[in-house]
Structure formats: structure tokens, C-alpha cells
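# Architecture and fold: a report
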Amino acid sequence: MPTSQEVLSCLRRVRTLHFNAHSQAETGWEGRGQGRVEVSAPLENSLVFHETGSWQPNHKSAEHPSAFAFTNIFRWTAIGQQLRLEHLRFGVDKPVLLFDMAPDEAGQWREVDPHLCGQDVYAASLTIEGHQIRVAWSIQGPRKQESIVYTYQTV
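For every chain, the first residue of the written sequence is number 1, and numbering continues from 1 along that sequence. In keeping with the model being predicted, local features are shown solely for residues with a pLDDT of at least 70 and side-chain atom pairs are shown and tallied solely at 80 or more, while totals for entire chains, interfaces and linings include all residues. Here the side-chain values reflect all heavy atoms present in the structure, with hydrogen atoms and water set aside.

## Considering the nonpolar core
- For our purposes a nonpolar core is just a set of buried Ala, Val, Leu, Ile, Met, Phe, Trp, Tyr and Cys residues, chained together by side-chain atoms within 4.5 Å. Whether a residue is buried, partly exposed or exposed follows from its accessible area with a 1.4 Å probe, protein chains only, as a fraction of its type maximum: under 20%, in between, or over 50%, in that order. Core analysis: the biggest nonpolar cluster contains 32 residues, and Trp76, Val135, Trp137 and Tyr152 have the highest contact counts within it.
- Contacts are assigned to residue pairs that have any heavy atoms within 4.5 Å of one another. Residues contacting Tyr152, with those up to four places away along its chain left out, are Val14, Thr16, Leu17, Val37, Phe49, Glu51, His131, Gln132, Ile133 and Val135.

Here it is, written out as C-alpha cells:
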């Protein structure tokens, strides 16, 4: 079972990402994306992921006629034997805490407590498989029943 510092060391080597989104809700997101990840290390135990790429919906619609660009900024921080994941959509000084993660008995890193956003519940797991880091998201709510699997490729 990797320690939080070992996971952070793996995350430091991420350069690309691929993801697949699936939804069981009518209004959900279905599609796939790919992109690049620029990793910076502003603090000793912290990494910032600057993700850019394109997302292609499975079904074209008036709302999403073709592929479009996306950007995300996430911060990963090792805090003792846990990892904190924050979304920096409002900037580095106003992070949105998604959750702290800790290893479970099966060797996966999981959220300690799910993230609540309105009526939606966000959960995730992280596993390291060779040169890939897999982050599987689950979003459940009255209008959302989605899963998104990110595969980050390391160098």
C-alpha cells in the first residue's frame, strides 16, 4: 500500500489524461476526453494539476454539437497519511475542498467523507497501476447518476 508521499510522488510524474463519462440520467454527461496535465509544486507536500484538453460527447445535441475544450485546476496535498483533493476553480486562495482520501483495506485510496454539493454526493477512489493513476468518480443526486473514470499517465 503506497503512503501519501508515494502517491504524491506518482502524481508528480503525470503528463496526460484520458477520461470516460457515463450517466444513467437523461441530462447526464456521456463522452470521453483527453488532454495534457502540467504539474507544479508550489509547496513541499502539494501539487497543482493544470488540466487542458478536449471533450467529445457520445451523442451530438444542440447543446453539445461537437468536441469542446476543457480546463481544470486541482490541488493534491499530502497531510499525514491522507491526501487532500481541492478544486481551484475560484483560484488558489479560494479552494473548493472536495475531500480527504485515505487507503482502505483493499489498497485503494477513497474519500474519508463524500463531498456534498447541493443535493449531489461526490465520491472517488484512486489506484496506481504501473504508469497509470486511475481516479474513479461517482456523482449521485436527484438529477445525476454519473461515473467518470480518469486515467492519468505518468512518465
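And the narrative resumes.
## Details of the side chain of Asp104
- Residue placement: Asp104 occurs in the loop between strand 6 (96-103) and strand 7 (109-111).
- Contacts described as polar in this section are N or O atom pairs within 3.5 Å, which, within protein, must combine one atom able to donate a hydrogen with one able to accept it, while residues neighboring in sequence count only if both atoms come from side chains. Here the side chain of Asp104 touches Ala106 through a polar contact of 3.0 Å, landing on its backbone nitrogen.
- At 3.4 Å, the side chain of Asp104 forms a polar contact with the side chain of Arg110.
- Sequence-distant contacts of Asp104, defined by excluding residues within four places in its chain, comprise Met1 and Arg110. Strands are runs of DSSP state E lasting at least 2 residues, helices are runs of H or I lasting at least 4, and numbering of each runs from the N terminus.

## Here we look at the pairing of strand 9 (residues 120-129)
- Within strand 9, seven of the 10 residues are buried, leaving the element largely enclosed by the surrounding structure.
- Alignment of strand 7 against strand 9, held across two bridges, turns out to be antiparallel. Residue pairing for strand 9: Arg110 is matched across the bridge by Ser125.
- At least two DSSP bridges between two strands are needed for those strands to be called paired. Sheet topology places strand 8 (residues 115-117) next to strand 9; three bridges connect them, and they run antiparallel.

## Examining the packing of aromatic side chains
- Between the rings of Phe, Tyr and Trp (Trp by its six-membered ring), a pair exists once the centres lie within 6.5 Å; its type follows the angle of the planes, with under 30 degrees stacked, over 60 edge-to-face, and the other angles tilted. By the definition in use, this model includes seven aromatic pairs.
- Considering the side-chain rings of Trp55 and Phe68, the 5.4 Å spacing of their centres and the 55 degrees angle between planes classify their relative orientation as tilted. Of this pair, Trp55 sits in strand 3 (residues 46-57) while Phe68 is found in strand 4 (residues 68-79), placing the two residues 13 residues apart along the sequence.
- Residue Trp55 is classed as buried on the basis of its relative accessible area, which comes to 6%.

## A closer look at the pattern of salt bridges
- A pairing counts as a salt bridge when a side-chain nitrogen of Lys or Arg comes within 4 Å of a carboxyl oxygen of Asp or Glu. Summed over all chains, the structure comprises four salt bridges.
- Measuring nitrogen to oxygen at the nearest pair gives 2.7 Å for the salt bridge that ties Glu86 to Arg75. Of this pair, Glu86 sits in strand 5 (residues 82-87) while Arg75 sits in strand 4, and the two are 11 residues apart along the sequence. Arg75 shares its class with Glu86; the two are buried.
- Asp100 is paired through a salt bridge with Arg84; the nearest N and O atoms lie 2.7 Å apart. Of this pair, Asp100 sits in strand 6 while Arg84 sits in strand 5, placing them 16 residues apart in sequence.
- For Asp100, a relative accessible area of 19% translates into the label buried.

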